[in-house]
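# Fold and contact review
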Amino acid sequence: MLDTLITSKTRLKLLVKFFLNASTRSYLRDLEAEFGESTNGIRVELNRFEEAGMLVSHFEGNKKIFSANINHPLFKDINSILLKYTGIDQVVQNVLKRLGGLEQAWLVGDFARGRDSDTISLLLIGDKINQEALAGYISRVEGMTERKIQYEYLLPDEVWKVAKEHPERLLLYQSGL
(Lines give C-alpha, C1' and ligand atoms only; values in the text may rest on other atoms or scores of the structure.)
Protein backbone atom coordinates (compact mmCIF):
# COMPACT_ATOMS: atom_id res chain seq x y z
CA MET A 1 0.00 0.00 0.00
CA LEU A 2 2.61 2.55 1.05
CA ASP A 3 4.85 1.56 -1.84
CA THR A 4 2.18 2.79 -4.27
CA LEU A 5 2.27 6.24 -2.64
CA ILE A 6 6.04 6.40 -2.24
CA THR A 7 7.45 5.17 -5.52
CA SER A 8 11.12 5.50 -4.56
CA LYS A 9 12.14 2.19 -2.98
CA THR A 10 15.16 3.88 -1.42
CA ARG A 11 12.97 6.56 0.18
CA LEU A 12 10.62 3.93 1.60
CA LYS A 13 13.53 1.90 2.99
CA LEU A 14 14.92 5.04 4.65
CA LEU A 15 11.54 5.86 6.18
CA VAL A 16 11.28 2.38 7.67
CA LYS A 17 14.93 2.48 8.77
CA PHE A 18 14.73 5.76 10.67
CA PHE A 19 11.09 6.36 11.56
CA LEU A 20 9.92 2.96 12.78
CA ASN A 21 12.45 2.88 15.62
CA ALA A 22 13.62 6.40 16.50
CA SER A 23 16.81 5.13 18.13
CA THR A 24 18.14 3.84 14.80
CA ARG A 25 21.31 5.50 13.54
CA SER A 26 23.25 4.78 10.40
CA TYR A 27 25.74 6.17 7.89
CA LEU A 28 25.93 6.10 4.10
CA ARG A 29 28.21 3.07 3.54
CA ASP A 30 26.28 1.01 6.06
CA LEU A 31 23.03 1.85 4.25
CA GLU A 32 24.65 0.97 0.91
CA ALA A 33 25.56 -2.48 2.21
CA GLU A 34 22.15 -3.01 3.82
CA PHE A 35 20.04 -1.82 0.87
CA GLY A 36 22.28 -3.17 -1.89
CA GLU A 37 21.96 0.13 -3.76
CA SER A 38 24.38 2.78 -4.97
CA THR A 39 25.60 5.39 -2.55
CA ASN A 40 24.55 8.15 -4.94
CA GLY A 41 20.84 7.26 -4.81
CA ILE A 42 20.92 6.86 -1.05
CA ARG A 43 22.86 10.13 -0.60
CA VAL A 44 20.27 12.06 -2.66
CA GLU A 45 17.42 10.77 -0.46
CA LEU A 46 19.33 11.35 2.79
CA ASN A 47 20.04 14.93 1.72
CA ARG A 48 16.36 15.50 0.88
CA PHE A 49 15.26 14.20 4.28
CA GLU A 50 17.91 16.28 6.03
CA GLU A 51 16.98 19.45 4.12
CA ALA A 52 13.34 18.87 5.09
CA GLY A 53 14.44 18.63 8.72
CA MET A 54 13.22 15.03 9.03
CA LEU A 55 16.72 13.63 9.61
CA VAL A 56 19.53 15.07 11.68
CA SER A 57 23.20 14.21 11.36
CA HIS A 58 26.51 14.54 13.11
CA PHE A 59 30.03 13.37 12.42
CA GLU A 60 31.82 10.56 14.23
CA GLY A 61 35.31 10.70 12.82
CA ASN A 62 34.85 10.82 9.06
CA LYS A 63 31.39 9.17 9.13
CA LYS A 64 28.25 11.26 8.85
CA ILE A 65 25.73 9.55 11.11
CA PHE A 66 22.02 10.06 10.40
CA SER A 67 19.04 9.62 12.70
CA ALA A 68 15.39 10.65 12.75
CA ASN A 69 14.53 14.11 14.02
CA ILE A 70 12.04 13.13 16.70
CA ASN A 71 11.18 16.82 17.17
CA HIS A 72 9.97 17.18 13.58
CA PRO A 73 6.23 17.96 13.52
CA LEU A 74 5.54 14.95 11.28
CA PHE A 75 7.61 12.39 13.20
CA LYS A 76 4.71 10.89 15.18
CA ASP A 77 2.49 10.80 12.10
CA ILE A 78 5.12 9.06 9.98
CA ASN A 79 5.84 6.61 12.79
CA SER A 80 2.12 5.83 13.06
CA ILE A 81 1.82 5.27 9.30
CA LEU A 82 4.82 2.91 9.39
CA LEU A 83 3.34 0.95 12.29
CA LYS A 84 0.23 0.46 10.16
CA TYR A 85 2.25 -0.35 7.03
CA THR A 86 4.24 -3.05 8.82
CA GLY A 87 1.26 -4.46 10.73
CA ILE A 88 2.86 -3.78 14.10
CA ASP A 89 -0.17 -1.69 15.08
CA GLN A 90 -2.32 -4.82 14.66
CA VAL A 91 0.06 -6.80 16.88
CA VAL A 92 -0.25 -4.18 19.62
CA GLN A 93 -4.05 -3.82 19.37
CA ASN A 94 -5.04 -7.44 18.77
CA VAL A 95 -2.38 -9.38 20.66
CA LEU A 96 -0.46 -7.41 23.27
CA LYS A 97 -3.31 -5.37 24.73
CA ARG A 98 -5.55 -8.45 24.97
CA LEU A 99 -3.05 -10.92 26.36
CA GLY A 100 -3.29 -11.45 30.10
CA GLY A 101 -0.17 -11.95 32.18
CA LEU A 102 2.01 -9.87 29.87
CA GLU A 103 4.31 -7.38 31.58
CA GLN A 104 6.38 -6.15 28.62
CA ALA A 105 6.62 -6.76 24.91
CA TRP A 106 9.63 -5.78 22.83
CA LEU A 107 9.98 -5.62 19.07
CA VAL A 108 13.29 -7.25 18.13
CA GLY A 109 14.86 -8.54 14.94
CA ASP A 110 14.74 -6.85 11.55
CA PHE A 111 12.01 -4.31 12.30
CA ALA A 112 13.80 -3.16 15.46
CA ARG A 113 16.85 -2.57 13.24
CA GLY A 114 14.73 -0.57 10.80
CA ARG A 115 14.59 -3.26 8.12
CA ASP A 116 11.37 -4.27 6.43
CA SER A 117 10.73 -7.97 6.81
CA ASP A 118 8.13 -10.69 6.31
CA THR A 119 8.51 -11.56 9.99
CA ILE A 120 7.63 -9.55 13.10
CA SER A 121 9.80 -10.76 15.99
CA LEU A 122 8.61 -10.23 19.55
CA LEU A 123 10.09 -10.79 22.97
CA LEU A 124 7.32 -11.30 25.54
CA ILE A 125 7.94 -10.94 29.27
CA GLY A 126 5.52 -12.32 31.82
CA ASP A 127 4.97 -15.33 34.03
CA LYS A 128 1.25 -15.98 33.48
CA ILE A 129 0.87 -15.68 29.70
CA ASN A 130 -2.03 -17.73 28.37
CA GLN A 131 -0.39 -19.82 25.63
CA GLU A 132 -3.64 -20.87 24.00
CA ALA A 133 -4.99 -17.32 23.77
CA LEU A 134 -1.62 -16.10 22.46
CA ALA A 135 -1.59 -18.68 19.67
CA GLY A 136 -5.11 -17.68 18.62
CA TYR A 137 -4.33 -13.95 18.63
CA ILE A 138 -1.10 -14.51 16.69
CA SER A 139 -2.84 -16.62 14.06
CA ARG A 140 -5.54 -13.99 13.55
CA VAL A 141 -3.03 -11.13 13.20
CA GLU A 142 -0.81 -13.13 10.82
CA GLY A 143 -3.83 -13.44 8.52
CA MET A 144 -4.54 -9.70 8.76
CA THR A 145 -0.97 -8.53 8.21
CA GLU A 146 0.31 -11.24 5.86
CA ARG A 147 3.45 -11.35 7.98
CA LYS A 148 4.73 -14.17 10.17
CA ILE A 149 4.96 -13.42 13.86
CA GLN A 150 7.74 -15.03 15.90
CA TYR A 151 7.80 -14.74 19.64
CA GLU A 152 9.96 -15.77 22.55
CA TYR A 153 9.14 -15.68 26.25
CA LEU A 154 11.12 -14.53 29.21
CA LEU A 155 10.14 -14.65 32.85
CA PRO A 156 10.14 -11.30 34.67
CA ASP A 157 13.34 -12.18 36.56
CA GLU A 158 15.08 -12.72 33.20
CA VAL A 159 14.35 -9.21 31.90
CA TRP A 160 18.07 -8.36 32.09
CA LYS A 161 18.54 -10.57 29.02
CA VAL A 162 16.61 -8.12 26.84
CA ALA A 163 19.39 -5.54 26.61
CA LYS A 164 22.14 -8.15 26.49
CA GLU A 165 20.68 -10.31 23.72
CA HIS A 166 18.78 -7.62 21.78
CA PRO A 167 20.71 -4.33 21.71
CA GLU A 168 18.38 -3.06 18.97
CA ARG A 169 14.88 -3.23 20.34
CA LEU A 170 11.71 -1.21 20.68
CA LEU A 171 9.33 -1.37 23.64
CA LEU A 172 5.83 -1.93 22.24
CA TYR A 173 3.90 -2.62 25.41
CA GLN A 174 4.28 -2.31 29.15
CA SER A 175 1.53 -3.23 31.60
CA GLY A 176 0.14 -0.31 33.50
CA LEU A 177 0.93 2.22 30.75
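You'll find the structure just up there.
Values in this document were obtained by computation on a predicted structure and should not be read as measured data.

Bringing the pattern of salt bridges into the picture now. Once the charged atoms of two side chains with opposite charge are near each other, the side chains can pair. The full count for this structure, using the stated rule, is 12 salt bridges. Of the charged contacts, one joins Arg 115 and Glu 34 as a salt bridge, the two residues approaching to 3.3 Å between their closest N and O atoms. Residue Arg 115 is found in the loop between strand 4 (104-108) and strand 5 (119-125), and its partner Glu 34 is found in helix 3 (residues 28-35); the two are separated by 81 residues along the sequence. For Arg 115, a relative accessible area of 32% gives the class partly exposed. The shortest N-O distance in the salt bridge between Glu 45 and Arg 48 comes to 3.3 Å.

This part covers the sheet that holds strand 1 (residues 25-27). The strands making up a sheet associate through hydrogen bonds between their backbones, and the pairing can be parallel or antiparallel. Taken in spatial order, the three strands make up an open sheet running 1-3-2, and their pairing is antiparallel. Of all the strands in the sheet, just strand 1 and strand 2 (55-60) have a single pairing partner and so form its edges. Each adjacent strand pair in this sheet contributes to an overall mean axis angle of 35 degrees, direction not counted. Relative to strand 3 (residues 63-68), strand 2 runs antiparallel, the two sharing six bridges. In the sheet register, Phe 59 faces strand 3, and the bridge partner there is Lys 64. Contacts from helix 2 (residues 9-19) reach strand 1, strand 2 and strand 3, with the element oriented near 80 degrees to strand 3. Each of strand 2 and strand 3 is contacted by helix 4 (residues 39-51), which is oriented at about 115 degrees to strand 2, the strand it contacts most.

Parameters at a glance
- Residues numbered from 1 in each chain as written.
- Predicted model: local features only at pLDDT ≥ 70, side-chain atom pairs only at ≥ 80, totals over all residues.
- Heavy atoms only, no water.
- Salt bridge = Lys/Arg side-chain N within 4 Å of Asp/Glu carboxyl O.
- Helix = DSSP H or I, 4+ residues; strand = E, 2+ residues; numbered from the N terminus.
- Buried < 20%, exposed > 50% of the residue type's maximum accessible area, 1.4 Å probe, protein only.
- Pairing = 2+ DSSP bridges.
- Axes fitted to C-alpha atoms, helices over the stretch in contact; angles between N-to-C directions.
- Contact = heavy atoms within 4.5 Å.

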